[in-house]
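For reference, the chains in residue letters:
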Amino acid sequence: MDNSIAALAGLRKAFFAMRTAGDLAELLAVSPAHLVAVAFRPWYHIFELPKKDGTMRLIEDPDDRLQPLQDGLNDYLQAVYWHQRSPAAYGFLVIPTGDPEPRHIETNARKHIGKPWLLNCDLEDFFHQITAGRVHKLFADAPFGFDEEVCDLLVRLTTFRGRCPMGAPTSPVLSNLVFSATDADLTDLARRRGWTYTRYADDLSFSSYDPLDWDDYTHIQRAVIRHDYEFNPEKAALFGPDDPKIVTGLLLGTQDVEVPPDFFPQLTDDIHQLAGAMRVQFRVNPRGSRTTARFRRSVEGKLRFAERIMGRKHPGVAKLWKDYRNAVKPPAKHIQRSWFDFEYW
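*Asks:* Tell me about the side chain of Thr248, and please be specific about residues and values.
*Replies:* Within the secondary structure, Thr248 sits in the loop between strand E7 (246-247) and strand E8 (250-252). A distance of 3.4 Å separates polar atoms of two side chains, one belonging to Thr248 and the other to Asn108. Not counting chain neighbours up to four residues away, the residues in contact with Thr248 comprise Ile105, Asn108, Tyr200 and Asp203.

Put into C-alpha cells, the structure is as follows:
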C-alpha cells in the first residue's frame, strides 16, 4: 500500500469530492444497497477489559460487515486530518513515508523535555464525549459540507448509542477532527502564557519554564468546558522542578525519554499471566481464543514499545522478549500442524 504524502493527498481529494451516497459506496468499494444495509443496522460485539487501575473498560468491537467499511473511512479521514492536523495533536495520526514531523507517543513526550514544570490533564471517556451530534456537525460544516443523506450515513457508520464507540477504527481520527476547535483554543492559551501544549488522545500535557499551579489548571479546564468537554479530575497531575515527570507513560530525562521504573515489573507480570493463559489454551483449545489472542497482541505491543524507546539490545528488553517467546511456545506434546499454520493463504 502506498503510504506516501502524495497518496494521502489523493485520498483527501477523493473524499472531499464525494457528494452522494453512491459516491460513498464507490469510495468504500461496496454496493449502495450493502452500504445502506450495514449503516442502518450496525452490529458490535460488546465486552469489557480490565484497566491498570482495576476498573473495567467497555469495548464495542464492530462486526465483520461493519469493520471493513470503518477501516476504509479511517483511511480517508486520516488523510484529511493529516493535512489539517492541530500542532498540538500527537496521538492517532498516520505517519506517511517522508513525514517531516512524525507524531507519535515518543515525539509527544519529547516536546516537554527540559521544562521544569509540567501539568497533565485527562479527558473523561473521550470517545464517548464525541457524540453523534458532534460528528454530524463535523461533516455538515466546512470543509466537508456534505448533504443530509451523506452526513446521516457517515454518522450511522461511525457512531453507536449516540457517540463514537470504543473499538471502532474511525473513533480515534474522528476525536481528533471534532476536537480541533478545542485544540486551537488551548494552543492559543498556551502561546499567550509561554507554555508548551501537546495532546495524545485524551491526555493533555502543558509544560513551562515558569511555575505552573492549580490556578493554571482551572484556566485550562474553563477553556475545555466552553466546548462542552469534561476532565477526569482524579488524573490531573502537577510536577515541579524536583519531581520525576511522566508524559503519556514515558519518563522525561534531561535529553531523552525512557520507560518508567515500574514498566518492566508490570510487563513481567503480564508475560507470566500470558504464559498461564497459553498453557490453558494449549490444553483446552489448541486453535486459540479471541481473548487470549487479544491479550497476546497487547503484551507484544508493549514489548515493541519498550524496544522502540530503550533499544532491542537493552538487557531488560532482551530478557522480556525471551520470556515472551517461552510463554507463547507450544509444549512439545501439543504441537499440531495443519495447512492453516503456513502462510500460503
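*Asks:* Account for the sheet that holds strand E9 (residues 257-258), naming residues and giving values.
*Replies:* With antiparallel pairing, the three strands of this open sheet are ordered in space as E7-E8-E9. The two strands at the open ends of the sheet, each matched to only one other strand, are E7 and E9. Relative to E8, E7 is paired through two bridges, and the arrangement is antiparallel. Bridged to Val247 within E8 is Leu250.

*Asks:* I'd love a proper account of the sheet that holds strand E3 (residues 117-122), names of residues and values included.
*Replies:* The strand order across the open sheet formed by four strands is E4-E5-E3-E6, and the pairing between neighbours is antiparallel. Each edge of the open sheet carries a strand with a single partner, namely strand E4 (196-200) and strand E6 (237-239). Averaged over all adjacent pairs, the angle separating strand axes in this sheet is 15°, with direction ignored. The strands that helix H10 (residues 180-193) touches are E4 and strand E5 (203-208); relative to E4, the one it contacts most, it runs at about 155°. On the sheet, helix H11 (residues 214-225) packs against E3, E5 and E6 and is oriented at approximately 40° with respect to E3.

*Asks:* Summarise the pairing of E3; cite the residues concerned and give the values.
*Replies:* In terms of residue burial, E3 counts as a mostly covered element, since five of its six residues are buried. The pairing of E3 with E5 spans six bridges and is classified as antiparallel. Bridge pairing in E5 links Leu119 to Phe206. Here E3 pairs with E6 via three bridges, running antiparallel. By the bridge assignment, Asn120 is partnered in E6 with Ala237.

*Asks:* Any details on helix H8 (residues 148-158)? Residues and values, ideally.
*Replies:* Those residues of H8 lying buried are Val150, Cys151, Leu153, Leu154, Val155, Leu157 and Thr158. At the N-terminal boundary of H8, the capping side chain belongs to Asp147, with an oxygen 3.2 Å from the backbone nitrogen of Glu149.

*Asks:* Give a description of the nonpolar core that names residues and reports values.
*Replies:* Residues Phe15 and Phe139 are the most contacted members of the largest nonpolar core, which totals 61 residues. Looking at which element gives the most residues to this core, the answer is helix H4 (residues 66-84), with seven residues. For Phe15, the contacting residues outside a window of four places in its chain are Leu27, Leu73, Tyr76, Leu77, Val80, Phe139, Phe144, Phe146 and Leu154. The next biggest cluster of nonpolar side chains, apart from the first, holds 29 residues, and it includes Ile105, Phe263, Phe264 and Tyr324.

*Asks:* Now, about the confidence of the model for the protein chain: what can you tell me, with residues and values included?
*Replies:* Within the protein chain, residue pLDDT values average 90, and 93% of them lie at 70 or more. The model gives residues 334-345 a pLDDT under 50, and that stretch makes 10 contacts with residues more than four places away or in other chains.

*Asks:* Any chance you could break down the packing of aromatic side chains for me, citing the residues and the numbers?
*Replies:* Going through the model one piece at a time under the given rule, you end up with 20 aromatic pairs. Ring geometry for Phe92 against Tyr200: centres 6.5 Å apart, planes inclined by 40°, an arrangement best described as tilted. Taken as a pair, Phe92 in the loop between H4 and helix H5 (105-110) and Tyr200 in strand E4 lie far apart in primary sequence, 108 residues in all. Take Phe92: its relative accessible area is 29%, and that puts it in the partly exposed class. Classification of Tyr200 by relative accessible area gives partly exposed; the value is 22%. A cation over an aromatic ring shows up here: Arg85 above the ring of Trp82, its NZ or CZ 4.3 Å from the ring centre. Taking the ring centre of Tyr229 as reference, the NZ or CZ of Arg134 above it sits at 4.0 Å.

Rules behind the numbers
- Residues numbered from 1 in each chain as written.
- Predicted model: local features only at pLDDT ≥ 70, side-chain atom pairs only at ≥ 80, totals over all residues.
- Heavy atoms only, no water.
- Helix = DSSP H or I, 4+ residues; strand = E, 2+ residues; numbered from the N terminus.
- Polar contact = N/O pair within 3.5 Å; in protein donor to acceptor, adjacent residues only side chain to side chain.
- Contact = heavy atoms within 4.5 Å.
- Pairing = 2+ DSSP bridges.
- Axes fitted to C-alpha atoms, helices over the stretch in contact; angles between N-to-C directions.
- Buried < 20%, exposed > 50% of the residue type's maximum accessible area, 1.4 Å probe, protein only.
- Core = buried A, V, L, I, M, F, W, Y, C linked by side-chain atoms within 4.5 Å.
- pLDDT = per-residue confidence, 0-100.
- Phe/Tyr/Trp six-rings, centres within 6.5 Å; stacked < 30°, edge-to-face > 60°.
- Lys NZ or Arg CZ within 6 Å of the ring centre and 35° of its normal.

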